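Coordinate inspection notes
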Protein chains: 2
Amino acid sequence: MATPPQRNKVFFGTFVHSKTLAELEYLHNTAIAVNATGKIVAIEPDHTSLDSALFSLLPKLNWTADSVSATSTASPSHFFFPGFIDTHLHASQYPNVGIFGNSTLLDWLNTYTFPLEASLSDPAKARKVYTRVIRKTLAHGTTCAAYYATVDVPSTNLLADLCLSAGQRALVGRVCMDQLSPSYYRDESPEAALSATMESIKYIEGIDPAFDIVRPVLTPRFAPSCSAPLLQGLGKLAAERPDLPIQTHISENKNEIALVKELFPPSATGAGDDSYSSVYDAFGLLTDRTILAHGVHLSEFEAELIAKRGAKVSHCPCSNSAITSGAARVRWLMEKGVTCGLGTDMSGGYSPSVLEAARHAALVSRHVAMGGDDAAKLTVEEVLYLATKGGAEVVGMEGKVGGFEVGMEWDAQLVTLGTVGEDGGVGDEEDGNVDVFGWESWEDRIAKWVYNGDDRNTRMVWVKGRLVHERK
Amino acid sequence: MATPPQRNKVFFGTFVHSKTLAELEYLHNTAIAVNATGKIVAIEPDHTSLDSALFSLLPKLNWTADSVSATSTASPSHFFFPGFIDTHLHASQYPNVGIFGNSTLLDWLNTYTFPLEASLSDPAKARKVYTRVIRKTLAHGTTCAAYYATVDVPSTNLLADLCLSAGQRALVGRVCMDQLSPSYYRDESPEAALSATMESIKYIEGIDPAFDIVRPVLTPRFAPSCSAPLLQGLGKLAAERPDLPIQTHISENKNEIALVKELFPPSATGAGDDSYSSVYDAFGLLTDRTILAHGVHLSEFEAELIAKRGAKVSHCPCSNSAITSGAARVRWLMEKGVTCGLGTDMSGGYSPSVLEAARHAALVSRHVAMGGDDAAKLTVEEVLYLATKGGAEVVGMEGKVGGFEVGMEWDAQLVTLGTVGEDGGVGDEEDGNVDVFGWESWEDRIAKWVYNGDDRNTRMVWVKGRLVHERK
């Protein structure tokens, strides 16, 4: 069984989550009941205490007091928040975070990335790296991650094993790439790539048949590293298996876009135009289950096509700034009807934290605004929506995770902010860098968390009701 | 006496500091001797151990073994680094970090900033806020800070007292502003502003006559909030007191620049043109002791004028992105001959960390590069230079702090990076977010620190030889 049964749980305190893109909802003095399968079964506001909430909830739910474990916090600096959803990251690149020099995408891949990814065919190294990235992202409140592993099947499968055992919800993708990468690191043929993909899919389905925690994801690296027959084969597989999500990269960097135009002219794809999006579309890979990382330089036409197909965009601001890809126009994409979430994109992105991605999404949106479009700016509320509800939609789990509603699963974090003593003392240094002086509104506390928060503020993390991380 | 005498000290391990803008120097197996007044008196490379270094150093320095306290670290994940220099921040705005909404400079001042600054005339509140900001910045390795306080003299003096007692090197400026701010928060007249300024200068000179740790700094807030007579009076004072540094803001935001043009036409200043820089120049405030915060939208002419006068620029990338001021062209400024350092600019900037400012300087430079000038990108080495040696020059302490050379003072931090266990375990969580796997070069370790480091990596901090912060 993928997830061992849990006890019933009741949480009491303040809950904050995205009601809409523009608005956070604050539920104070509230109790949330989560059943043994990790599902939210009741939300009750206006209780004076945990005891009062239990007194009301237990009979309704037909739960006995000793079947329930309770987590309660009444501090005005503590709140429950939905777990973060990292819609794009390369587990295999984690050891390279922060290491990219002055490179841009194509030289970055050859210099830093392919050698590291290839080296993870060593199972001991893969175990060390994957264990670390899972623990690290959990510590930062990431309850669900859309992972790229490597070309290698056994270590991809190991990543799925490790996610399942750590209890981190994950899409795990074996990377398909049969051209343009060094000969030491690629699929030998389209057939070999498809067969390795099937092998990994079967394995992951075997360890978690209900997709409770881990699920496989079709993962063509990006168009330039896939031959037309490989893309075609993956499109066929996607059509045969409508339960499988798809993830790839798009329109990250201008040289990459030029390369795609060169490699995939309309004459080769049968597409009506030479856009990057149309290449995926021509091969049946632009679907409502497709996660497109980046989308920095999309044209008007492409944004409309993506919206029409229902494909989603993973915005990776830290990465886009770090390797000088560009500043994605997230407001514009959303106005075109494209669903967006956030990705750390390690190690193009330097940080394991979706909170840092949210912060940097706000900052990058201001750089877009500097170009003249003041409406481009994303608010604190909006970047937190992208980090949770938006992300859930991107990974195909809308209505299941990303917020606090009856029927959704309990993927959540307990956030604690530091409080400044009357003498200005630093108090408990492990409280981190958010300093609450006491007079701040709840909205201001949340803004402080977004701009100065880190993993020290994420005290406990649950996935599907199971406690998967706790700071001591 | 400003700083109580210390014991002689010897440090042993790896020392990393900026040799030039482009190059970090790595001194391994090295000992640095610091005398009781906090001055570096010897640097000896190529020792196999602390004992070997002491055996060589003590007789040369005529020190007895029991007069020396030693700090030694041989771990390949530990190194000594110069203390950071924050060339621009508002101590009084610290409680507002992260709180700015979607505002830009002029509305941000009125909405968020002036009310908070005004409230610090309450001495208890000022003590709480100032104590906190000093401890917080010390914890982030800031050994020297150029502070703006408020208009209020007693609490400005309190800030100087607190810096002196905490041992943080600081310029402390009473803010001069006699127009355009709300009536509840401004100097009553140019005369009142000058007299309050003198009062604060005298107080700070009284508590640290040799400027060992704290020194006063002339602080016209920025041109729009100062009348011509006030600027003139401050220019006169600056001429009479060539020992005093000057700090102000320049060219942060386009509306601000338009306002300056409106308020200070050449007919009013006698300047030859209507540029922002020429306003300060006309009043004798553009000197080689002047720290100009921001400089985002400077013209070619202004950059040349600033370089000619020897004034310095404090680059505040977190602030410039957060309140949508613009992307300063640091490479261009440096090529024009302008000396640059980094500022956190709290609370326009959201972070107390100069390391975060360094990281964001690299990222913002990439946004400048996206405009087409690939050479704009700043390297890890360059942003660390700005954070240390560049900053020292900006605050007028070049040759005294910012690096490890005989004759300089020991303003330093011990940096420790986390090491990943063989099982991928997170080890000591308090190690922070830099994960060293073991195979990284020293250059890569430094890059990892710049991109994922935080105060958890700053284990010990010294100013002028005195230990001023230690993480337990």
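Values in this document were obtained by computation on a predicted structure and should not be read as measured data. (Residues numbered from 1 in each chain as written. Chains lettered and ligands numbered in written order. Predicted model: local features only at pLDDT ≥ 70, side-chain atom pairs only at ≥ 80, totals over all residues. Heavy atoms only, no water.)

Broken down by element type, chain A carries 15 helices and 18 strands. When the backbone C-alpha atoms are referred to their principal axes, chain A occupies close to 70 × 50 × 40 Å. Across the 472 residues in chain A, those meeting the buried criterion constitute 67%. When the accessible surface of chain A is summed, it comes to about 14600 Å², and 52% of that surface belongs to carbon and sulfur atoms. Here chain A contributes 41 positively and 57 negatively charged side chains, and the mean placements of these two sets differ by 3 Å. (Helix = DSSP H or I, 4+ residues; strand = E, 2+ residues; numbered from the N terminus. Buried < 20%, exposed > 50% of the residue type's maximum accessible area, 1.4 Å probe, protein only. Areas by Shrake-Rupley, 256 points an atom, 1.4 Å probe, with all protein chains shown as cover. Lys, Arg positive; Asp, Glu negative; His and termini not counted. Charge placed at Lys NZ, Arg CZ, Asp CG, Glu CD.)

Taken as a whole, the largest pocket encloses approximately 830 Å³ of empty space. In this structure, the largest pocket is lined by 35 residues; those nearest its centre are Ala327(A), His367(A), His367(B), Met370(B) and Gly371(B). Of all the elements in the fold, those that place two or more residues in the lining of the largest pocket are helix H7 (254-263) and helix H13 (354-370) of chain A together with helix H7 (254-263) and helix H13 (354-370) of chain B. The element best represented in the lining of the largest pocket is H13(A), accounting for four residues. Here the lining of the largest pocket is built from residues that sort into nine nonpolar, 20 polar and six charged. (1 Å grid on protein atoms, 1.4 Å probe; cavity = no way out; pocket = protein on both sides within 12 Å on 5 of 7 lines; lining within 4 Å. Points joined across faces, edges and corners; volume = space filled by probe spheres on them. Nonpolar A, V, L, I, M, F, W, Y, C, P; charged D, E, K, R; others polar.)

Attention now moves to the domain arrangement of chain A. Size of an interface: often given as the accessible area lost when the parts come together. All names here are of chain A. Taken domain by domain, chain A holds domain 1 (8-82 + 404-470) and domain 2 (84-394). Here the C-alpha centroids of domain 1 and domain 2 sit 31 Å apart. At the junction of the two partners, domain 1 supplies 31 residues and domain 2 supplies 27 residues. Summing both sides of the interface, domain 1 and domain 2 together bury roughly 2500 Å²; the carbon and sulfur share of this comes to 63%. When the buried area of domain 1 at its contact with domain 2 is split by residue, Leu-21, Val-450 and Tyr-451 rank highest and sum to 27% of it. Glu-409 is the salt-bridge partner of Arg-169, the closest N and O atoms lying 2.7 Å from each other. Listed by contribution, the elements that provide at least two residues to the side of domain 1 that touches domain 2 are strand S5 (78-82), strand S14 (412-416), helix H15 (442-452), strand S17 (458-463) and strand S18 (466-470). Ranked by the residues each element gives to the side of domain 1 that touches domain 2, the list is headed by H15, at six residues. (Domains from an automatic or database assignment. Contact = heavy atoms within 4.5 Å. Buried area = accessible area lost by both parts, 1.4 Å probe. Salt bridge = Lys/Arg side-chain N within 4 Å of Asp/Glu carboxyl O.)

In this assembly, 68 residues from chain B lie in contact with 68 residues from chain A. Both sides together, the interface formed by chain B and chain A hides about 5700 Å², and carbon and sulfur atoms give 52% of it. For the pair chain B and chain A, the interface holds ten salt bridges. The salt bridge involving Lys128(A) is made with Glu422(B); its shortest N-O contact spans 3.0 Å. Taken together, the connections running from chain B to chain A amount to 34 residue pairs in polar contact (both at pLDDT 80 or more). At the level of elements, helix H3 (123-139), helix H11 (317-322), H13 and helix H15 (442-452) of chain B are the ones that each hand at least two residues to the side of chain B that touches chain A. Here the side of chain B that touches chain A gets eight residues from one element, more than from any other, and that element is H13(B). (Polar contact = N/O pair within 3.5 Å; in protein donor to acceptor, adjacent residues only side chain to side chain.)

As a further point, take the packing of aromatic side chains. Following the criterion strictly, the structure yields 48 aromatic pairs over all chains and no others. Judged by centre distance (6.1 Å) and plane angle (55°), the rings of Phe81(B) and Phe84(B) are tilted. Across the pair, Phe84(B) and Phe81(B) agree in class, each one buried. Linked through ring pairs, Phe11(A), Phe15(A), Phe80(A), Phe404(A), Trp410(A) and Trp462(A) together constitute an aromatic cluster. Here Lys125(B) stacks its cationic end above the ring of Trp439(A), 4.3 Å away from the centre of that ring. Geometry around Trp332(B) places Arg329(B) over its ring, the cationic atom sitting 3.7 Å from the centre. (Phe/Tyr/Trp six-rings, centres within 6.5 Å; stacked < 30°, edge-to-face > 60°. Lys NZ or Arg CZ within 6 Å of the ring centre and 35° of its normal.)

The next thing to look at is the relation of the copies chain B and chain A. The two copies are related by a screw motion: chain B maps onto chain A through a turn of 180° and a shift of 0.0 Å along the axis, at an RMSD of 0.0 Å. Taken together, the turn and the small shift mark the pair as related by a two-fold rotation axis. An overlap of 100% is found between the interface residues of chain B and their copies at the interface of chain A, pointing to a shared contact surface. (Least-squares fit on C-alpha atoms with pLDDT ≥ 70 in both.)

Residue and element names in this part refer to chain A. Counting buried positions along S5 yields four of five residues, so the element is predominantly enclosed. In this sheet, S14 lies alongside S5 in antiparallel orientation, the contact comprising five bridges. Looking at S14, one finds that Phe-81 is bridged to Gln-413. (Pairing = 2+ DSSP bridges.)

Turning our attention to the sheet that holds strand S10 (residues 246-250) of chain B. In a beta sheet, neighbouring strands are held together by backbone hydrogen bonds and run either parallel or antiparallel to one another. Residue and element names in this part refer to chain B. The strand order across the open sheet built from four strands is S10-S11-S12-S13, with neighbouring strands paired in parallel fashion. Each of the sheet's edge strands pairs with one partner strand only, and the pair in question is S10 and strand S13 (340-342). Here the average twist between neighbouring strands, direction ignored, is 30°. Note that strand S12 (residues 312-315) and S13 share three bridges and pair parallel. Bridge pairing in S13 links His-315 to Leu-342. (Axes fitted to C-alpha atoms, helices over the stretch in contact; angles between N-to-C directions.)

Residue and element names in this part refer to chain A. Where helix H14 (residues 380-394) meets H15, the axes come as close as 10 Å, and the angle between the chain directions of the two elements is 60°. When the axes of H14 and H15 are compared, the crossing they make is left-handed. Touching Val-380, Val-383 and Leu-384 of H14 are Ile-446, Ala-447, Trp-449, Val-450 and Tyr-451, all from H15. Classifying every residue of the contact of H14 with H15 gives eight nonpolar, no polar and no charged. (Left-handed = near helix turned anticlockwise from the far one by under 90°.)

So, on to the sheet that holds strand S7 (residues 142-148) of chain A. All names here are of chain A. Sheet architecture is open: four strands sit in the order S6-S7-S8-S9, paired in parallel fashion. Both edges of this open sheet fall to strand S6 (84-90) and strand S9 (214-216), since each of them pairs with a single strand only. Neighbouring strand axes in the sheet, compared pairwise and without regard to direction, differ in orientation by 15° on average.

Turning next to empty space enclosed by the protein. Considering all chains together, one arrives at eleven cavities of 30 Å³ or more under this definition. Of the volumes computed, that of the largest cavity is approximately 290 Å³. Considering the residues around the largest cavity, the lining is formed by 25 residues, among which Glu356(A), Arg359(A), Asp454(A), Glu356(B) and Arg359(B) are closest to the centre. Taken together, the elements giving at least two residues each to the lining of the largest cavity come down to H13 and H15 of chain A together with H13 and H15 of chain B.

Residue and element names in this part refer to chain A. Here helix H2 (residues 105-119) is 15 residues long and its end C-alpha atoms lie 20 Å apart, about the 21 Å a rise of 1.5 Å per residue gives. At Thr-113, H2 shows its largest bend, some 45°, and a proline, Pro-115, comes one to four positions later. Taken as a whole, H2 has its buried residues at Leu-105, Trp-108, Leu-109, Thr-113, Phe-114, Leu-116, Glu-117 and Ala-118. In this structure, the buried side of H2 is in contact with S6, helix H3 (123-139) and H7. (Expected span 1.5 Å × (residues − 1). Bend = angle between axes of the 7 residues up to and from the residue.)

Note that His367(A) resides in helix H13. Residue contacts for His367(A): discarding those within four places in its chain leaves Ser321(B), Ala327(B), Val364(B) and His367(B).

What follows covers the nonpolar core. Within the largest apolar cluster, 164 residues are counted, with the highest numbers of intra-cluster contacts made by Leu384(A), Leu384(B) and Trp449(B). With residues near it in sequence (within four places) discarded, Leu384(B) still touches Ser18(B), Leu24(B), Phe81(B), Phe84(B), Leu355(B), Ile446(B), Trp449(B) and Val450(B). (Core = buried A, V, L, I, M, F, W, Y, C linked by side-chain atoms within 4.5 Å.)

Attention now moves to the pattern of salt bridges. Side chains that differ in charge, positive against negative, can pair when their charged atoms come close. Counted according to the given criterion, the structure contains 48 salt bridges over all chains. One connected set of salt bridges, linked through shared partners, spans Asp454(A), Asp455(A), Arg456(A), Arg471(A), Asp454(B), Asp455(B), Arg456(B) and Arg471(B).

Another aspect to go through is the pairing of S10(B). By the criterion of burial, S10(B) is predominantly enclosed, with five of the five residues buried. Of the two faces of S10(B), the one lined by Ile246(B), Thr248(B) and Ile250(B) and the one lined by Gln247(B) and His249(B) are each fully buried.

On to the environment of Gly465(A), then. Residue and element names in this part refer to chain A. You can see Gly-465 is positioned in the loop between S17 and S18. A C-alpha to C-alpha distance of 3.9 Å links Gly-465 and Gly-38, two positions 427 residues apart in sequence. Setting aside its immediate chain neighbours within four residues, Gly-465 contacts Gln-6, Lys-9, Val-34, Gly-38 and Trp-410.

We now examine the side chain of Glu356(B). All names here are of chain B. Turning to its location among the elements, Glu-356 is positioned in helix H13. For Glu-356, a relative accessible area of 10% gives the class buried. A distance of 2.9 Å separates a polar atom in the side chain of Glu-356 from a polar atom in the side chain of Arg-359.

What follows is about the state of the cysteines. Tallied over the entire structure, the rule returns zero disulfides over all chains. Sulfur of Cys340(A): no disulfide; nearest cysteine sulfur belongs to Cys316(A) and is 11 Å away. Cys340(A) sits in the buried class, given a relative accessible area of 4%. Free of any disulfide, Cys318(B) has its nearest neighbouring cysteine sulfur in Cys316(B), separated by 9.0 Å. Using a relative accessible area of 3% as the deciding quantity, one classes Cys318(B) as buried. (Disulfide = S-S within 2.5 Å.)

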